[in-house]
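Given next are the chains, with one letter for each unit.
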Amino acid sequence: MLTEFRNFIARGNVMDMAVGIIIGAAFTAIVSSLVADLINPIIGLFTGGIDFTNNYAVLSGEVPAGASLETARETGASIFAYGSFIMAVINFLIIAFVVFLLVRSVNRIKDLAEKPEEVSPPEAPPTPPEIQLLTEIRDALAKG
């Protein structure tokens, strides 16, 4: 079993996957900052300064009025954190769109790198010997 595991780890695909996961984690941090630091304030302008992250509803328990989501969670009350969900959806949409743009760009670069071979017009099939003979006879009769 250890030999199989070593062979599995030694394959190039596993290393590619590991690099992808590490880059994905770093990319997630960038997107989270983009949403929290840039997009949330812009959305807040259009919604009158509302920050979705701290939007929640108390299902049961007591939470001080105007408390942040973190404070509400610390009280032990049952919280319906719809604002966090909205932000998670926005994060997902942004990540999906950026990945789409990235894949689209990579595919275009691949297409440019793999230029199709020049296609020459197909050669005419050779004339059958019977047709050649008949053509020669016709030409000889036309001269004579």
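Residues numbered from 1 in each chain as written. Predicted model: local features only at pLDDT ≥ 70, side-chain atom pairs only at ≥ 80, totals over all residues. Heavy atoms only, no water.

J.: So, the overall build of the chain: which residues are in play, and what are the values?
T.: Helix and strand counts for the chain stand at five helices and two strands. The secondary structure elements of the chain, listed N-terminal to C-terminal, are α-α-β-α-β-α-α. The C-alpha extent of the chain, read off along each of the three principal axes, is 115 × 55 × 25 Å. Going through the 144 residues of the chain one by one, you find that 14% of them count as buried. Here the chain has roughly 12,000 Å² of accessible surface; of this, 67% comes from carbon and sulfur atoms. Of the charged side chains in the chain, 9 are positive and 15 negative, and the gap between their average positions amounts to 6 Å. (Helix = DSSP H or I, 4+ residues; strand = E, 2+ residues; numbered from the N terminus. Buried < 20%, exposed > 50% of the residue type's maximum accessible area, 1.4 Å probe, protein only. Areas by Shrake-Rupley, 256 points an atom, 1.4 Å probe, with all protein chains shown as cover. Lys, Arg positive; Asp, Glu negative; His and termini not counted. Charge placed at Lys NZ, Arg CZ, Asp CG, Glu CD.)

J.: Account for the environment of A57, with residues named and values stated.
T.: Within the secondary structure, A57 sits in strand β1 (residues 57–60). Counting along the chain gives 50 residues from A57 to N7, while the straight-line C-alpha distance between them is 51 Å. Residue contacts for A57: discarding those within four places in its chain leaves S78, I79, F80 and Y82. (Contact = heavy atoms within 4.5 Å.)

J.: I'd like a description of the environment of G20, backed by residues and values.
T.: Positionally, G20 belongs in helix α2 (residues 12–46). Under the relative-accessibility criterion, G20 is labelled partly exposed at 42%. Sequence spacing of G20 and P122 is 102 residues, and the spatial spacing of their C-alpha atoms is 45 Å.

J.: Tell me what's going on with the confidence of the model for the chain, and back it up with residues and numbers.
T.: On average, residues of the chain carry a pLDDT of 81, and 94% of them reach 70 or more. In the model of the chain, helix α1 (residues 2–10) stands out as the element of lowest mean pLDDT, 78, in contrast to strand β2 (residues 78–80), which has the highest, 89. (pLDDT = per-residue confidence, 0-100.)

J.: Explain a nonpolar patch on the surface residue by residue, including any values.
T.: Taken together, F85, V89, F92 and L93 make up a surface patch of nonpolar side chains, about 430 Å² in accessible area. Mapped onto the elements of the fold, F92 is located in helix α4 (residues 82–113). (Patch = residues over 30% accessible without salt bridge, like charges linked within 9 Å, V, L, I, M, F, W, Y side chains within 5 Å. Salt bridge = Lys/Arg side-chain N within 4 Å of Asp/Glu carboxyl O.)

J.: Outline the pattern of salt bridges, supporting the account with residue identities and numerical values.
T.: Between side chains of opposite charge, pairing is possible as soon as their charged atoms come close. As enumerated under the stated definition, the model contains one salt bridge in all. Residue D139 pairs with R138 through a salt bridge whose shortest N-O separation is 3.2 Å. We classify D139 as partly exposed; its relative accessible area is 36%. Owing to a relative accessible area of 53%, R138 belongs among the exposed residues under this scheme.

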